[in-house]
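# Residue-level structural notes
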Amino acid sequence: MSLIPEGLNLFVIDITYAVPFEKIEPVLAPHMDFVKKGYAEGHFLMSGPKNPRSGGVVIAMGTSKAEIEALMAQDPFAREGVVTMEITEFSASNRVPGL
């Protein structure tokens, strides 16, 4: 059985800080609440900060790019305008068993 349900597409969300980290910090806790909700609702498969810490990456599932764009527009990072996001849809034609 696949971790990725039939009919859902995969997305890489590349988040880049658009302001100094000092302006990111006040939005970090609300962002993490958003991330936890994304996992609870089954949208996110994995996420984490880039190294060096210039933003983050999220691997998400959804029915369409428009759905993921609408979801990510709710992220406090996006609402506060402290990041830019690039969302790329991809087809996982090769994967390890279980995914």
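Right above here is the structure, for reference.
Residues numbered from 1 in each chain as written. Predicted model: local features only at pLDDT ≥ 70, side-chain atom pairs only at ≥ 80, totals over all residues. Heavy atoms only, no water.

### Digging into the overall build of the protein
Keep this limit in mind: Every helix listed is a DSSP run of H or I at least four residues long, and every strand listed is a run of E at least two residues long, numbered separately from the N terminus. The globule rule used for comparison is 2.2 Å times the number of residues to the exponent 0.38, while the radius of gyration itself is calculated over C-alpha atoms. Residue contacts are counted whenever heavy atoms from the two residues lie within 4.5 Å of one another. Positive: Lys, Arg. Negative: Asp, Glu. His and the chain ends are not part of the count. Here the site of a charge means NZ on Lys, CZ on Arg, CG on Asp, or CD on Glu.
Secondary structure assignment for the protein yields three helices and four strands. Relative to a compact globule of 99 residues, whose C-alpha radius of gyration would be 13 Å, the protein shows 14 Å and is just as compact. Restricting to contacts in the protein with at least 6 residues of sequence separation, those with at least 24 account for 72%. Averaging the coordinates of the 8 positive side-chain charges in the protein and doing the same for the 12 negative ones gives two points 3 Å apart.

### With respect to the sheet that holds strand E3 (residues 55-62)
Using the following cut-off: By the convention used here, strands pair only if DSSP detects at least 2 bridges between them. Only the contacting stretch of a helix is used when fitting its axis, a line to C-alpha atoms as for every element, and angles between N-to-C directions run 0 to 180 degrees.
Reading across the sheet, the four strands line up as E2-E3-E1-E4 and stay open at both edges, with antiparallel pairing between neighbours. Two strands close off the open sheet at either side, each with one partner strand: strand E2 (44-49) and strand E4 (83-90). For this sheet, the mean angle separating the axes of adjacent strands, direction not counted, is 15°. Packed on one face of the sheet, helix H1 (residues 21-40) meets strand E1 (9-17), E2 and E4 and runs near 165° to E2. Across the sheet, helix H2 (residues 65-72) lies against E1, E2, E3 and E4, angled at about 155° from E4, the strand it touches most.

### Observations concerning the packing of aromatic side chains
Keep this limit in mind: Two aromatic rings, drawn from Phe, Tyr or Trp (for Trp, its six-membered ring), form a pair once their centres lie within 6.5 Å of each other, and the interplanar angle then sorts them: stacked below 30 degrees, edge-to-face above 60, tilted otherwise. A simple rule labels every residue: compare its accessible area, found with a 1.4 Å probe on the protein chains alone, to the largest value its type can have, and call it buried under 20%, exposed over 50%, or partly exposed in between.
Evaluated as defined, the whole model comprises four aromatic pairs. Centre to centre, the rings of Tyr-17 and Phe-77 are 6.2 Å apart; their planes meet at 90°, and the pair counts as edge-to-face. On the criterion of sequence distance, the pair formed by Tyr-17 in strand E1 and Phe-77 in helix H3 (residues 76-79) is long-range, its members being 60 residues apart. For the pair formed by Tyr-17 and Phe-77, the shared burial category is buried. An angle of 85° between the planes, with centres 5.7 Å apart, marks the rings of Tyr-39 and Phe-44 as edge-to-face. Residue classification places Tyr-39 among the partly exposed residues on the basis of a relative accessible area of 33%. Classification of Phe-44 by relative accessible area gives buried; the value is 5%. What links up through ring pairs into an aromatic cluster is the set Tyr-17, Phe-21 and Phe-77.

### Description of the pairing of E1
For a regular strand, side chains alternate in direction, first toward one face of the sheet and then toward the other. Pairing analysis gives eight bridges linking E1 to E3, with the strands arranged antiparallel. From the neighbouring strand, Phe-11 faces E3, where its bridge partner is Ala-60. Inspection of the sheet shows E1 paired to E4 by eight bridges, in the antiparallel sense. Residue pairing for E4: Ile-15 is matched across the bridge by Met-85.

### A look at unusual backbone geometry
In this model, Asn-51 is joined to Pro-52 through a cis peptide bond whose omega is 5°. For Pro-52, the position within the fold is in the loop between E2 and E3.

### Focus on H2
Since the α-helix packs 3.6 residues into each turn, any two residues three or four apart lie on the same face. Defined as follows: Of all possible arcs, the one meant is that of the directions from the helix axis to the C-beta atoms.
Residues of H2 that are buried: Ile-68, Leu-71 and Met-72. Taken around the axis of H2, the buried residues stretch over an arc of 90°, which confines them to a single face. Tucked inside the fold, the buried residues of H2 contact E1, H1, E2, E3, H3 and E4.

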